[in-house]
Amino acid sequence: MLSRVAENLFWISRYVERAENLARVLNDAFHLELDAVGLHGGDSDVKGPRDQVLNVLAGQDRFELTWDPRESEGMLTNLTFDSTRSHSLLSMISRARENARATQDTLSPESWSQLNQLYLALTRSKSRKQFEASPYRFYDRVKRSCILFHALVDSTMPRNEAFYFLEVGRFIERIDMISRVLNVWFSAAGEGEKTAEHSLRLVYWTGLLRSCSAYEAYLKRYHERLDAESIVQYLVLDLDFPRSMRFCVGRCLESLRGITGGAGQRTGTEAERRLGRLESELRYADIHEVFARGLPNFLSGVQDTCAKIVEEMQRAYFLT
Amino acid sequence: MRSASESTGSLLSRYSPYGFDEMFSATGTVRPSYAPLQQRLLHLTSAELERRHRIADLTMQRQGITFTVYGRNKGVERIMPFDPIPRIIPADEWDLIDRGLKQRVRALNLFVHDIYHQRQILKDGVVPTELVLGASGYRRELHGIDVARDIYIHISGIDLIRDEHGKYLVLEDNCRTPSGVSYVLKNRQVMKEVFPLLFQQYDVLPIDDYASNLRSMLRYVAPGGVQDPTIVVLSPGVYNSAYYEHSFLARQMGVELVEGRDLVFDGGQIAMRTTRGLQRIDVIYRRVDDDFLDPLAFRRDSQLGVAGLLGAYRSGQVTLVNGVGTGVCDDKGIYPFVPDIIRYYLGEDAILPNVETFRPLIPAHRQHILSNLDKLVVKAVDGSGGYGMLIGPASTAPQREEFAAKIKANPRGYIAQPTITLSSHPTFIGEHLEGRHIDLRPFVLYGEEIKILPGGLTRVALPRGSLVVNSSQGGGSKDTWVLGRGGST
């Protein structure tokens, strides 16, 4: 497959996954803000969920906080529709769609059409009205459209290189996002641990799980026990949950092997080696160990690995 | 609320044919090939037609079947307006077109070969040498070079119109990189999805084998000795107006769609950069103009081509489709000589005649042109897409003065033709059907044999009375049905 096309595919699904995560995070910010304001009595010096969102996003690329953080609505609108910001939902979908337009012949017609429709829907003038009427429903629609794109890829594309490059992009982005979200929420919860009361902590934990679509799945596994170790255990080390880090690393590794064509006998590329190491680390990790080493250390290690993998892929496949 | 009797047939109730109408004869009776369609239309309300029309537009938009219009800041993506009333060509008319096009393309191909080899036709004085060697499409770099199977014009689109008597005339040859075939295929697909009823009672020749014919042709013209050639489509990229078509054709043929930056000249051959290293390419269906193919040979500022491509082509390592230098035969300055070219090489009279054409280089013609600018259509010989034209009857005095000056300064650069009132066809406008002018661009593939896609792109000028059908100038398109021998059933 053409190197340019491979790179395009990798970024298409990465942007779509990122847009989906952004829609989740913004939606949660919108909702949690309402809860949290109630709990800390509208005291604007206390960091609210809104700031968490900004922190999560701040890690990505060069994010500039150029608006008044107190204007929640303006912030949401900007992060959604401002096409001059590379982080806005609209920018991400536009880039994914532009890449897809240049790669139409490789995507299945169904998946291309889905992404094109999402783009057309967002750029229509009606979409702002829909957003203003109900941000919640708006973000939910975007989230579903993004998921539908991946689902159409999954059910209409043959398992060839094109498919695997899409998969790698999608799961690398998800791993990256999980580590950012955990990092931000745990550092905030750490502060909260000392001062805030139980109910506020509960709001945070619930919010974290919700933003990973993990709330109900988590409760089924751990019932009402909402504590840091169990949550990290679930979002990092669980084998079955599709938004746990270990699950994503596994899928990513499978796809990398799909690209190289090796079934694990050969070491394959450097990217495969690094990811393989992360996979076995997660497989044999003990949650107490992770906390003993310090969660932030662990998470930044994961982010480094992700960045290295992308570099290696550039070298091996995109810049031939 | 309309009563049933009022709404029945309201689509055609106000229809008044003018010029040569494809559906109705001069006396107002429906032509036999259109009779079943008329019956269908009688039972279709304008609201229903409008609803389905909108679905068709939406389908195209969602699939991204768009072209880019230049001129504004960055280029705007648009769908080509699609008219739901099909154009129908009876079997006997198509037979004439089919034979005429085969004859024409065969002769033009012989002409290109001759020009780049012996130049016998110039020595025999049939076509003026200075017109050929001075044509902007002539490429002296190709002189003496043999190409695979001696085929240059693998893919052509010959524009046909009908005059006021319904006679088919060739308006223009497009022998470089004609576009539009993807709309032909998509129009049919959308038509079948949205208006399945209209197909009943008709035996419409299928067109879905175009991509496989195209692929067989590309395989046939691979460099000698290559058994299983690697074929690619070369596009200028996503900002090109016909990008959709490039990607569509690559997809339909199951070959890679590449851009210049994906290709590299490697040890005398052309290869593409893949995730597994360089892979050799044998046949390039290029949708990049000659000028931009190779910065070493042609335009140095071109980012769209590959340095070394022309060298690989000249040495027979790679086949380019269409061949380089075919612009010499579809030049508007050469156009008036095509009937002579056909006679010269094939010893036959042209089956499809040209439109009468005046050349400013001939003093008597120039006199005629300058004193009849308000009645003629003047075209720049190297213009295309409806740019650089003067349509006399629709022109203003300053425009005519401008063209008169241009013609005097550069008589080689222009031709003039009488304004032909193109045939008109019922077209869905607002709530009714009204007559609008149309032309036809059939697509010709020249491989092991010459194959013509039954039908082609019918373009329709949407503003009332307009004769400009180009999509870049607001033209739309129609599905075009060629009837089998059974006709309508």
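All figures in this text were calculated on a predicted structure; none of them were measured in a lab. (Residues numbered from 1 in each chain as written. Chains lettered and ligands numbered in written order. Predicted model: local features only at pLDDT ≥ 70, side-chain atom pairs only at ≥ 80, totals over all residues.)

**Some thoughts on the overall build of chain B**
Point 1. Summing up its helical and strand segments, chain B has 15 helices and 22 strands in all.
Point 2. Here the C-alpha atoms of chain B give a radius of gyration of 23 Å, agreeing with the 23 Å that 2.2 N^0.38 yields for 489 residues.
Point 3. Out of the 489 residues belonging to chain B, those deemed buried represent 46%.
Point 4. Sequence-distant contacts, at least 24 apart, represent 70% of the contacts inside chain B between residues at least 6 apart. (Helix = DSSP H or I, 4+ residues; strand = E, 2+ residues; numbered from the N terminus. Rg over C-alpha atoms; globule rule 2.2 N^0.38 Å. Buried ≥ 20, exposed ≤ 12 C-beta atoms within 10 Å, placed from the backbone. Contact = placed C-beta atoms within 7 Å.)

**Looking at the environment of Gln399 of chain B**
Point 1. Examined against the element boundaries, Gln399 of chain B turns out to sit in helix H15 (residues 397–409).
Point 2. The sequence separation of Gln399 of chain B and Gln473 of chain B amounts to 74 residues, and the corresponding C-alpha distance is 18 Å.

**Describing the environment of Val377 of chain B**
Residues and elements named next belong to chain B.
Point 1. Note that Val377 resides in strand S14 (residues 376–380).
Point 2. Taking the number of C-beta atoms within 10 Å as the measure of exposure, Val377 has 21 and is therefore buried.
Point 3. Once residues within four sequence positions are removed from consideration, Val377 is found in contact with Met389, Leu390, Ile391, Gly392, Ala416, Gln417 and Thr419.

**Observations regarding the interface of chain B and chain A**
Point 1. In this complex, chain B contributes 18 residues to the contact, which on the side of chain A involves 18 residues.
Point 2. Counting only elements with at least two residues in the side of chain B that touches chain A, the list comes to helix H4 (46–62), helix H11 (243–253), strand S8 (256–258) and strand S10 (269–274) of chain B.
Point 3. For the side of chain B that touches chain A, a count of residues per class yields 5 nonpolar, 7 polar and 6 charged. (Nonpolar A, V, L, I, M, F, W, Y, C, P; charged D, E, K, R; others polar.)

**Things to note about the domain arrangement of chain B**
Point 1. Here the domain parsing of chain B yields domain 1 (4–89 + 423–488), domain 2 (93–156 + 209–346) and domain 3 (363–418).
Point 2. Between domain 1 of chain B and domain 3 of chain B, the C-alpha centre-to-centre distance is 30 Å. (Domains from an automatic or database assignment.)

**Re the sheet that holds S10 of chain B**
Residues and elements named next belong to chain B.
Point 1. Spatial strand order, S9-S10-S11: 3 strands in an open sheet with antiparallel pairing. Unpaired on one side and paired on the other, strand S9 (263–266) and strand S11 (277–280) mark the two borders of the sheet. Each strand axis lies, on average, 45° off the axis of its neighbour in the sheet, ignoring direction.
Point 2. As judged from the 4 bridges shared by S10 and S11, these two strands associate in the antiparallel manner. Directly across from Met272, in S11, lies its bridge partner Gln279. (Pairing = 2+ DSSP bridges. Axes fitted to C-alpha atoms, helices over the stretch in contact; angles between N-to-C directions.)

**Here we look at helix H7 (residues 135–156) of chain A**
All names here are of chain A.
Point 1. An ideal rise of 1.5 Å per residue puts 32 Å on 22 residues; H7 measures up with 31 Å between its terminal C-alpha atoms.
Point 2. Within H7, the full set of buried residues consists of Phe138, Tyr139, Val142, Ser145, Cys146, Phe149 and Val153. Angularly, the buried residues of H7 cover 120° about the axis, an arc narrow enough to put them on a single face. Of the exposed residues in H7, those oriented more than 90 degrees away from the buried face are Tyr136, Arg137 and Ser155. (Expected span 1.5 Å × (residues − 1). Arc of directions from axis to C-beta.)

**Points about the packing of helix H13 (residues 270–284) of chain A against helix H15 (residues 295–318) of chain A**
The geometry of a pair of packed helices is captured by two quantities: the angle between their axes and the separation between those axes.
Residue and element names in this part refer to chain A.
Point 1. At a closest axis distance of 8 Å, the pairing of H13 and H15 adopts a crossing angle of 160°. The pairing of H13 with H15 is recorded here as roughly antiparallel in orientation. In this structure, H13 meets H15 at a crossing whose hand is left-handed. Between H13, through Glu270, Ala271, Arg274, Leu275 and Leu278, and H15, the contact on the second element is made entirely by Val302, Thr305, Lys308, Ile309, Glu312, Met313 and Ala316.
Point 2. The residue inventory of the contact of H13 with H15, partitioned by class, reads 7 nonpolar, 1 polar and 4 charged. (Parallel < 35°, antiparallel > 145°, perpendicular 65-115°, else oblique. Left-handed = near helix turned anticlockwise from the far one by under 90°.)

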